Amino acid sequence: MIRFLNSVWFPAKIGVLLLLVNYIDMNYFNDVPSDINASLIREQVILFIGLIGSIINLGVCIRCIYLKQWKKLLYSALSILVFFICFVIAAAYGGAFTSPS
């Protein structure tokens, strides 16, 4: 059961990691004039890993619906939701720092 929970919560963990990396990059960008592309590359890698994990979790959700495993379905859906909420927060935070005004 613990192994399943670790794999199901992988996108949520990646989402929190994305927030941390975004926060560190934007603070570094604010303090030191640097190229924004380097920080975006780091964030894009984390984003794609989380997206792949979310797609895999979507497959887990479909499987859990078929097998009527409602608790696992809830965990999988919450993990996907947490990843996308973290993604939206990181995007808004990055957009606020890089806006010209």
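Scroll up to find the structure this text is about.
Residues numbered from 1 in each chain as written. Predicted model: local features only at pLDDT ≥ 70, side-chain atom pairs only at ≥ 80, totals over all residues. Heavy atoms only, no water.

### Digging into the environment of Ile24
This is how it is decided: Numbering of helices and strands starts at the N terminus; helices are DSSP runs of H or I of at least 4 residues and strands are runs of E of at least 2.
Relative to the elements of secondary structure, Ile24 occurs in helix α2 (residues 10-31). When the C-alpha positions of Ile24 and Ser39 are compared, they lie 9.4 Å apart, and in sequence the two are 15 residues distant.

### A look at the layout of surface pockets
Which entries qualify depends on this criterion: Points on a 1 Å grid over protein atoms alone make up a cavity when a 1.4 Å probe fits among them but cannot get out, and a pocket when they form an open set with protein on both sides within 12 Å along at least five of seven lines; lining residues each have an atom within 4 Å of a point. Grid points are joined across faces, edges and corners, and a volume is the space filled by probe spheres set on the points. In the scheme used here, Gly and all other residues not listed as nonpolar or charged are polar, with Ala, Val, Leu, Ile, Met, Phe, Trp, Tyr, Cys and Pro taken as nonpolar and Asp, Glu, Lys and Arg as charged.
By volume, the largest pocket is sized at about 210 Å³. Residue lining of the largest pocket: 14 residues in total, with Asn22, Leu40, Glu43, Phe87 and Ala91 positioned closest to the centre. Counting residues per element, the ones that place at least two in the lining of the largest pocket are α2, α3 (36-67) and α4 (70-98). The element contributing the most residues to the lining of the largest pocket is α4, with 6 residues. Here the lining of the largest pocket is built from residues that sort into 8 nonpolar, 5 polar and 1 charged.

### Focus on unusual backbone geometry
Using the following cut-off: For every residue, the accessible area (1.4 Å probe, protein chains only) is compared with the maximum for its type, and the residue is labelled buried under 20%, exposed over 50%, or partly exposed between those bounds.
Of note, Lys68 is a non-glycine position whose phi angle comes to about 60°, a positive value. Position of Lys68 relative to the elements: it lies in the loop between α3 and α4. Accessibility expressed as a relative area gives 60% for Lys68, which makes it exposed.

### Some points on the packing of α3 against α4
The line we're drawing: Angles run from 0 to 180 degrees between N-to-C directions of axes, and those axes are lines fitted to C-alpha atoms, restricted for helices to the stretch in contact. These descriptions rest on fixed angle ranges, namely under 35 degrees for roughly parallel, over 145 for roughly antiparallel, 65 to 115 for roughly perpendicular, and the rest for oblique. For any helix crossing, the convention is left-handed if the near helix is rotated counterclockwise from the far helix by under a right angle, and right-handed if that rotation is clockwise. Residues are treated as being in contact if the distance between any of their heavy atoms lies within 4.5 Å.
With their axes 9 Å apart at the nearest point, α3 and α4 run at an angle of 160° to one another. Taken together, α3 and α4 sit at an angle that is classed as roughly antiparallel. The crossing of α3 and α4 is left-handed. Contacts between α3 and α4 involve Ile36, Leu47, Gly50, Leu51, Ser54, Asn57, Leu58, Val60, Cys61, Cys64 and Ile65 on the former and, on the latter, Trp70, Lys72, Leu73, Ser76, Ala77, Ser79, Ile80, Phe83, Phe84, Phe87 and Thr98. For the contact of α3 with α4, the class distribution of residues is 15 nonpolar, 6 polar and 1 charged.

### Description of α3
Here is the rule we go by: Working rule for helices: expected span equals 1.5 Å times residues minus one.
Look at α3: 46 Å from first C-alpha to last across 32 residues, which is about the 46 Å you get at 1.5 Å a residue. Along α3, the residues classified as buried are Ser39, Glu43, Ile46, Gly50, Gly53, Ser54, Asn57, Val60, Cys61 and Cys64. Once α3 ends, the next one or two residues include Lys68, with phi positive near 60°.

### Description of α2
When the terminal C-alpha atoms of α2 are compared, their 32 Å separation across 22 residues agrees well with the 32 Å that a helix rising 1.5 Å per residue should span. Those residues of α2 that fall on the buried side of the exposure criterion are Pro11, Ala12, Ile14, Gly15, Leu18, Val21, Asn22, Asp25 and Met26.

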